[in-house]
Amino acid sequence: MLPSKRSLLSAALAAAFSYVAAEAHVEDTSITPAPTPTQALEARQVAGGPGTPILSTLTYPYTALPSQVYPFAVLRGPQFGYNQCGAPNATATANCQTLVVNNASDFCLWGSPDPNGAIGDVEAKVVSYCTNPRWGGRPIPGGSIYGVQFMRTSAYIQLVGFIDGEALGLNRSDTGGELDPHGADLQGNPLGGVVYSLDTNFSPDGGQTPGQVHNWNFFVGNGFFCFKACFNSITSPDYCENRYDLVGCDYNMPNALQNSTFLDCEGDLQTPVGTYTTNGQTLTWSMPDPLTTDPPYTPVVPSSSQCTTFSSQQLFANLGGPTGSNGGSASGKTGSGATASATGSSGALASANLPTGSLLIVLGGFLAGAMMLF
């Protein structure tokens, strides 16, 4: 999937192209650039062939992970980081590419290995940032998480939250991107990125050892993140569908998270993204690329129940530093019924919390994002 930012008025686009021509984008040279759309199609035809394994099919017990699950020098490989992580490696420079998501207080997120990064530049080499040093990712700084909701359903677990993007090595103006284990060349983003959970739907021993998650997607940017891990036995409908990356969290993981709120809940299943009802008729919407208009429906936020409310201090006391509400450092909506907005690779102007004067930032992201491979 090739994320791009939402097309705007032709005059604005012309201005943006002029701006970007003056301010040349510098590519990250530490990884092989993502293929062009034509190359991606050719890559898809050979992915899975000799020497080109499909990332989502690689299976490893957590206790038997190799140093790298994707050391193959093919297409965009090999991977940037490593997969054997653990507490001794939990430093500010760790390049762990194993993600673990368990509950509202114990989770990791994908972020940039470079300061002030942008997902469009580092998608293939993002690394894990964790609230628990046990998993070997970079520590998430205390006070940088402004709201969280962890939800368990019958088909998936979901984590959404507000965070200061700089805590994940991201530029705060980055409108974000989507990551998943597939990609147009089936090598995934990040390459070698594997996900595990202690949730009993994944764990092989009732929650003692993390079990591998093969079907997941993740959006991050603009001060917000959302992650979903689908149970491996659930195949239809696919609640972790990754073909709708341009419409972000609002549609892929509709939620009602409020800034400065920390919840652990049970939840109903969402309506599969792209499916909606109008005048009593169930319809399906397929996302065009580029995305020039909003989807023809408003996503319905699933009901939640049995929610336990925590304070930031209760969940993240081990992180150190100040805790509490946003204070303005990250983009978060507040107020009764406020919905955590879609960020991710949609860059949707209708829902992203962008400061005044952000037009060129968004359009610049659109141009850079056109080279992203998902």
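Along each chain, numbering runs from 1 in the same order as the chain's sequence is written. Two thresholds apply to this predicted model, a pLDDT of at least 70 for residue-level local features and 80 or more for giving and counting side-chain atom pairs, whereas whole-chain, interface and lining totals are computed over all residues. The side-chain quantities take in all heavy atoms of the structure and omit both hydrogens and water.

1. Some thoughts on the overall build of the protein
- Strands here mean DSSP runs of E at least two residues long; helices mean DSSP runs of H or I at least four residues long; both are numbered from the N terminus. Across its full length, the protein carries six helices and 15 strands.
- Note on classification: 1.4 Å probe, protein chains only; a residue is buried when its accessible area is under 20% of the maximum for its type, exposed when over 50%, partly exposed between these limits. By residue count, 53% of the 374 residues in the protein fall in the buried class.
- Only heavy atoms enter the contact rule, under which two residues are in contact if any of them lie within 4.5 Å. Within the protein, counting contacts between residues at least 6 apart in sequence, those at least 24 apart form 72% of the total.
- A total accessible area of about 14,800 Å² is found for the protein, and carbon and sulfur atoms account for 53% of it. Here, Shrake-Rupley sampling with a 1.4 Å probe gives the accessible areas, and only protein chains in the shown set may cover a residue.

2. Here we look at empty space enclosed by the protein
- Computed over the protein atoms alone on a 1 Å grid, cavities are sets of points where a 1.4 Å probe fits but cannot get out and pockets are open sets with protein on both sides within 12 Å along at least five of seven lines; a residue lines them when it has an atom within 4 Å of a point. Grid points are joined across faces, edges and corners, and a volume is the space filled by probe spheres set on the points. Counted under the stated rule, the structure contains two cavities of 30 Å³ or more.
- Lining the largest cavity are Leu-55, Ser-56, Leu-58, Pro-181, Gly-193, Val-194, Val-195, Gln-212, Val-213, His-214 and Trp-216.
- At the level of elements, β8 (194–197) and β9 (211–213) are the ones that each hand at least two residues to the lining of the largest cavity.
- Its volume calculated, the second largest cavity comes out at about 50 Å³.
- Ile-163, Gly-165, Leu-168, Leu-170, Asn-171, Arg-172, Asp-174, Val-220, Gly-221, Asn-222, Gly-223 and Phe-224 are the residues that line the second largest cavity.
- Residues are grouped as follows: Ala, Val, Leu, Ile, Met, Phe, Trp, Tyr, Cys and Pro are nonpolar; Asp, Glu, Lys and Arg are charged; all remaining types, including Gly, are polar. Classifying every residue of the lining of the second largest cavity by side-chain character gives five nonpolar, five polar and two charged.

3. Comments concerning the packing of aromatic side chains
- For Phe, Tyr and Trp, where Trp contributes only its six-membered ring, two rings pair if their centres lie within 6.5 Å, and the inter-plane angle classes them as stacked under 30 degrees, edge-to-face over 60, or tilted in between. Following the criterion strictly, the structure yields 14 aromatic pairs and no others.
- An angle of 40° between the planes, with centres 6.2 Å apart, marks the rings of Trp-110 and Trp-216 as tilted. Here Trp-110 is found in strand β2 (residues 108–111), whereas its partner Trp-216 is found in strand β10 (residues 215–221), with 106 residues between them in sequence.
- When its relative accessible area of 0% is taken as the criterion, Trp-110 is described as buried.
- Assessed through its relative accessible area of 1%, Trp-216 is described here as buried.
- Put simply, the rings of Phe-107, Phe-162, Phe-224, Phe-225, Phe-262 and Phe-316 pair up and form one aromatic cluster.
- Geometry around Phe-80 places Lys-125 over its ring, the cationic atom sitting 4.9 Å from the centre.
- Placement of a charge over a ring requires the Lys NZ or Arg CZ to be within 6 Å of the ring centre, with the centre-to-atom vector within 35 degrees of the ring normal. The ring of Tyr-156 has Lys-228 lying over it, and the distance from NZ or CZ to the ring centre is 4.7 Å.

4. Description of the pattern of salt bridges
- Each reported salt bridge corresponds to a side-chain nitrogen of Lys or Arg within 4 Å of a carboxyl oxygen of Asp or Glu. Within this structure, the stated rule accounts for six salt bridges.
- Its salt-bridge partner being Asp-185, residue Arg-76 comes within 2.8 Å of it at the nearest N-O pair. In this pair, Arg-76 sits in the loop between α2 (37–46) and β1 (98–100) while Asp-185 sits in the loop between β7 (177–179) and β8, placing the two residues 109 residues apart along the sequence. When sorted by exposure, Arg-76 lands in the same class as Asp-185, which is buried.
- The closest approach of N and O atoms between Asp-164 and Arg-172, which form a salt bridge, is 2.7 Å.
- By relative accessible area, Arg-172 is classed as partly exposed at 40%.
- Salt bridges linked by common partners bring Asp-164, Glu-166 and Arg-172 together as one network.

5. Some words on the state of the cysteines
- The rule for a disulfide is simple: a pair of cysteine sulfur atoms within 2.5 Å. For the structure on display, the rule yields five disulfides.
- Across the disulfide, Cys-230 is cross-linked to Cys-240 (sulfur-sulfur distance 2.2 Å). The sign of the 100° torsion about the S-S bond sets the Cys-230-Cys-240 disulfide as right-handed. Placement of Cys-230 in strand β11 (residues 224–230) and of Cys-240 in the loop between β11 and α4 (248–252) is noted, with a sequence separation of ten residues between them.
- According to the relative accessible area criterion, Cys-230 is buried, its value standing at 3%.
- One disulfide in the model links Cys-265 with Cys-307; its S-S distance is 2.1 Å. As the torsion about the S-S bond is roughly 115°, the Cys-265-Cys-307 disulfide counts as right-handed. Here the residue Cys-265 occupies a position in strand β12 (residues 262–267), and Cys-307 occupies one in strand β15 (residues 304–310), the gap between them amounting to 42 residues.
- For the protein, the bonded cysteines connect in the pattern 1-2, 3-4, 5-8, 6-7, 9-10 when numbered consecutively along the sequence.

6. Remarks on the pairing of β8
- Of the two faces of β8, the one carrying Val-194 and Tyr-196 and the one carrying Val-195 and Ser-197 are both buried.
- Two strands form a pair only when DSSP identifies at least two bridges running between them. Relative to β8, β1 runs parallel, the two being bridged by three bridges. Across the sheet, residue Val-100 finds its bridge partner in β8, namely Tyr-196.
- Inspection of the sheet shows β8 paired to β9 by three bridges, in the antiparallel sense. Along β9, the bridge assignment pairs Ser-197 with Gly-211.

7. Observations regarding the confidence of the model for the protein
- The pLDDT value expresses, per residue, how confident the predictor is, ranging between 0 and 100. Looking at the protein as a whole, its pLDDT mean stands at 78, while 72% of the residues score no less than 70.
- The model gives residues 1–47 a pLDDT under 50, and that stretch makes 100 contacts with residues more than four places away or in other chains.
- Predicted confidence is poor over residues 322–374, with pLDDT under 50, and the contacts of this stretch with residues over four places away or in other chains come to 168 contacts.

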